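Here's the letter readout for the chains.
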Amino acid sequence: MPLALLATAVVVTPIAWLWWDSRLPDSYDITQMGYADYGGGPEAGHEHHAGHPGTPVAELVERSRRPADVTETLTAARDGDRITINGTSPGPTLRVTQGDLVEVTLRNEDITDGTTIHWHGIDVPNAMDGVAGVTQDAVEPGKTFTYRFRADQVGTYWYHAHQVSHEQVRQGMLGALVIEPRRPDKGVRDEVAVLHRYGSTPTLNGAEGTQTVDAQPGDEVRVRVVNTDNALMPIWVTGAPYRVLAVDGTDVHEPGEVRDVAVKLTAGARVDLGVVVPEGGARVDFGATTALVLGEDPTGGAEPKAPRTFVDFLGYGTPTDPGIDASSPDRRFDYRIGRRPGFLDGKPGMWWTINGHLFPDIPMYMVEEGDVAVFHIENNSGESHPMHLHGHHALVLSRDGKEATGSPWWIDSLEVAAGEEFEIAFVADNPGIWMDHCHNLPHAAEGLVAHLMYAGVTSSYDIGDAPGNHPE
């Protein structure tokens, strides 16, 4: 063989092998991809990962057979370049009461790729999580799927597609869900603010610009803010002090009053703001794109000026018992985010990595029910990532080595900026196979997605072109 041909073969052959090895099959079980990471804990009970029988995901459902307290039908349909739910986008805000048994039937009118509903931030039974190819099959046009779960967690949440989610969510397949306490605060006005960008157009509850609430001086208003977009959104109040009452559906313990500071709301996350309307009114700005005016506009319509400082939830509020002891966890996991060139399903590019690996050669984080698990999240990718763990809420322990000192900071969506490190902890109390991914949804489609898997649970579904399941 001539020397030039030999040199070419030496270069091309490994690249061709990497290309071939990266290609995903037409149908695959996510539990059989990548490698098992036991986080230093025992491997006993995880034999199912090698093909032994266990409890299928499809059987992890709400066990109560009694009639639902709340029943809804949500019909997803195409409307030009948008997807509507019951004719609107965002879809209807669902309001239920703590303890309600909720039953929602999704009807796919004409979404050709199929669709699902994921209940973002609500720790539903695994089979109700709405992830195509992981917890259910995508709902085909003309078909239905019924979700059934108990609304145990008071707070602000949202629902959205988890089939081709980087496209369907952007197109408007989403809505808010509020779980109200059995004994709501009397005299408090409740306003939901769903933030979403359609193409280049930012909207508040589906409308552009500024909206006004007919509030009077002295009125107490809870503003439930939901960030459905892929990027972080700064939020601030002009004309009045405010308190951050809740983060990701969990109340802040003894939230202090703040003024002239903003809240950084990561993609997928929610905050509840408490405002007492003063004489002259108050205005809540959402990234200087849309705004909610409470009564009068204290700015007089002037261009909004964003504060330069931000609420730091690492020290906001006052400490109290978080109900979890993470000092000696059962498992410790690394989730190191990077980026490097390579192939993803045969496509060359710069792709996200987890612990140095490209999808699908990524960790399957293995736990047993009852474990206390700690994740060390480290972002060396050069870009910020809003990380979302399905099925669980996690307690932030530290950021960049600095321990949390304020109210317990419970999250299901966490902004991890470039160069930042976090330690978070959770109790493995919701068996299943759960996504743990970036909620900048194009990043998830580019490989920034891993999974959490319980001992004794087996997969019921496949991902790929053949089954028509594409969760990201």
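These lines cover the structure that appears in this document, whether it is placed above or below.

Observations regarding the overall build of the protein
Secondary structure summary: the protein contains three helices and 34 strands in total. What you see for the protein is a C-alpha radius of gyration of 23 Å, in line with the 23 Å of a compact globule of 472 residues. When its C-alpha atoms are laid out on the principal axes, the protein stretches across 85 × 55 × 50 Å. Burial analysis of the protein (472 residues in total) assigns 54% to the buried set. Within the protein, counting contacts between residues at least 6 apart in sequence, those at least 24 apart form 78% of the total. About 19600 Å² of surface is accessible on the protein, with carbon and sulfur atoms providing 49% of the total. Taken together, the 34 basic and 68 acidic charged side chains of the protein have centroids lying 4 Å from each other.

Thoughts on the nonpolar core
Ranked by internal contacts, the top residues of the largest apolar core, which has 84 residues, are Tyr242, Phe286 and Tyr335. Ranked by residue count, the leading element in this core is strand 33 (residues 449–454), at five residues. Beyond its immediate sequence surroundings of up to four residues, phenylalanine 286 is in contact with Ala193, Leu195, Leu204, Val225, Met233, Pro234, Ile235, Ala291 and Leu292. Counting residues in hydrophobic clusters, the runner-up holds 27 residues, among them Ala76, Val102, Ile111 and Val124.

Observations regarding the sheet that holds strand 9 (residues 155–160)
Read across the open sheet, the four strands follow the order 5-10-9-7; overall the sheet is mixed. Both outer strands of the open sheet, strand 5 (94–97) and strand 7 (118–120), are each paired with one neighbouring strand and no more. Neighbour-to-neighbour, the strand axes of the sheet open up by a mean angle of 25 degrees, direction not taken into account.

Structural notes on the pairing of strand 24 (residues 363–367)
Within strand 24, five of the five residues are buried, which leaves it mostly tucked inside the rest of the structure. Along strand 24, one buried face is formed by Pro363, Tyr365 and Val367 and the opposite face, lined by Met364 and Met366, is buried too. Two strands pair when backbone bridges link them, and strand 1 (residues 35–37) and strand 24 are joined in this way by three bridges, in the parallel orientation. Considered in strand 24, the bridge of alanine 36 is made with methionine 364. Pairing geometry for strand 24 and strand 33, over four bridges, is parallel. Each bridged residue has a counterpart across the sheet, and for methionine 366 the counterpart in strand 33 is methionine 453.

Observations regarding the sheet that holds strand 8 (residues 144–150)
If you trace the four strands from one edge of the open sheet to the other, you get 4-3-6-8, paired in mixed fashion. Each edge of the open sheet is held by one strand with a lone partner, namely strand 4 (82–85) and strand 8. Strand-to-strand twist of the sheet, defined as the mean angle between neighbouring strand axes without regard to direction, takes the value 20 degrees. In this sheet, strand 6 (residues 101–108) lies alongside strand 3 (residues 70–79) in parallel orientation, the contact comprising seven bridges. Its bridge partner lying in strand 6, threonine 75 is registered against arginine 107.

Side note on the pattern of salt bridges
Inspection of the entire model under this criterion finds 20 salt bridges. Among the salt bridges present, the one from glutamate 180 reaches arginine 95, with a minimum N-O distance of 2.8 Å. In this pair, glutamate 180 sits in strand 10 (residues 174–180) while arginine 95 sits in strand 5, placing the two residues 85 residues apart along the sequence. Owing to a relative accessible area of 24%, glutamate 180 belongs among the partly exposed residues under this scheme. The salt bridge involving arginine 222 is made with aspartate 272; its shortest N-O contact spans 2.7 Å. Of the two residues, arginine 222 sits in strand 14 (residues 220–227) while aspartate 272 sits in strand 19 (residues 270–276), which places them 50 residues apart along the sequence. There is no split in this pair, since arginine 222 and aspartate 272 are both buried. Bridged by salt links that share partners, the residues Arg95, Glu180, Asp190, Arg222, Arg224 and Asp272 form one connected network.

Digging into the side chain of threonine 115
By the secondary structure assignment, threonine 115 is in the loop between strand 6 and strand 7. Side-chain polar atoms of threonine 115 contact the side chain of glutamine 168, separated by 2.7 Å. What threonine 115 contacts, discounting residues up to four positions off in sequence, is Ala76, Leu106, Asn108, Ala138, Val139, Ala161, Gln163, Gln168 and Met173.

Comments concerning the packing of aromatic side chains
Applying the stated criterion across every chain, the model contains 13 aromatic pairs. Summarising the aromatic geometry, the rings of phenylalanine 333 and tyrosine 365 are spaced 5.1 Å apart at their centres and angled 65 degrees between planes, so their arrangement reads as edge-to-face. Taken together, the residues phenylalanine 333 in strand 22 (residues 331–344) and tyrosine 365 in strand 24 connect sequence positions 32 residues apart. The exposure class assigned to phenylalanine 333 is buried, which follows from its relative accessible area of 2%. Relative accessible area serves as the criterion here: at 0%, tyrosine 365 is assigned to the buried category. Ring centres of tyrosine 365 and phenylalanine 375 lie 4.8 Å apart, and the angle between their planes is 80 degrees; on these two criteria the pair is classed as edge-to-face. Of this pair, tyrosine 365 sits in strand 24 while phenylalanine 375 sits in strand 25 (residues 372–379); the two residues are 10 residues apart in sequence, bridging distant segments of the chain. Taken together, the aromatic side chains of Trp119, Phe145, Tyr147, Phe149 and Tyr159 make up a single cluster linked through ring pairs. Between the NZ or CZ atom of arginine 82 and the centre of the ring of tyrosine 198, over which it lies, the distance is 3.7 Å. The positively charged end of lysine 264 is found above the aromatic ring belonging to phenylalanine 310, 4.5 Å away from the centroid.

Points about unusual backbone geometry
With omega at -5 degrees, the peptide bond leading from serine 89 into proline 90 counts as cis. With respect to the element layout, proline 90 can be found in the loop between strand 4 and strand 5. Here phenylalanine 359 and proline 360 are connected by a cis peptide whose omega angle stands at 5 degrees. Position of proline 360 relative to the elements: it lies in the loop between strand 23 (347–354) and strand 24. Residue aspartate 248 is not a glycine yet carries a positive backbone phi of 50 degrees. Relative to the helices and strands, aspartate 248 resides in the loop between strand 16 (243–247) and strand 17 (250–251). The buried category is assigned to aspartate 248, whose relative accessible area is 0%. Of note, the phi angle at alanine 288 is positive, near 60 degrees, even though the residue is not glycine. Its location among the elements puts alanine 288 in the loop between strand 20 (282–286) and strand 21 (290–294).

Reading the values: the criteria
- Just so you know, the residues in each chain are numbered from 1, in the order the chain's sequence is written.
- Only residues with pLDDT of at least 70 are given local features in this predicted model, and only at 80 or more are side-chain atom pairs given and counted; all residues enter the totals for whole chains, interfaces and linings.
- In computing side-chain properties, one takes all heavy atoms of the structure into account and sets aside hydrogens as well as water.
- Where helices and strands are cited, they refer to DSSP runs of H or I of at least four residues and of E of at least two residues respectively, numbered from the N terminus.
- Between the two quantities, the radius of gyration covers C-alpha atoms and the globule rule is 2.2 Å times the number of residues to the power 0.38.
- When accessible area is computed with a 1.4 Å probe and restricted to protein chains, residues below 20% of their type maximum are described as buried, those above 50% as exposed, and intermediate ones as partly exposed.
- Only heavy atoms matter for contacts: two residues are in contact if any of them lie within 4.5 Å across the pair.
- For the area figures, the Shrake-Rupley method with a 1.4 Å probe applies, and any residue is considered shielded solely by the protein chains shown.
- Here the positive residues are Lys and Arg and the negative ones are Asp and Glu; neither His nor the chain ends is included.
- A single reference atom marks each charge: NZ on Lys, CZ on Arg, CG on Asp, CD on Glu.
- Nonpolar cores were defined as sets of buried Ala, Val, Leu, Ile, Met, Phe, Trp, Tyr and Cys residues, with membership established by side-chain atoms within 4.5 Å.
- Two strands pair if DSSP finds at least two bridges between them.
- Between N-to-C directions, angles span 0 to 180 degrees; the directions come from axes that are lines fitted to C-alpha atoms, helices contributing only their stretch in contact.
- Counted as salt bridges are all cases of a side-chain nitrogen of Lys or Arg within 4 Å of a carboxyl oxygen of Asp or Glu.
- Whenever two N or O atoms come within 3.5 Å, that pair is a polar contact, provided that in protein one can donate a hydrogen and the other can accept it, and provided that, for residues adjacent in sequence, both atoms are side-chain atoms.
- By convention, a stacked pair of Phe, Tyr or Trp rings (six-membered ring in the case of Trp) has centres within 6.5 Å and planes under 30 degrees apart, an edge-to-face pair has planes over 60 apart, and any other such pair is tilted.
- Consider the ring centre and the ring normal. A charge sits over the ring if Lys NZ or Arg CZ is within 6 Å of that centre and within 35 degrees of that normal.

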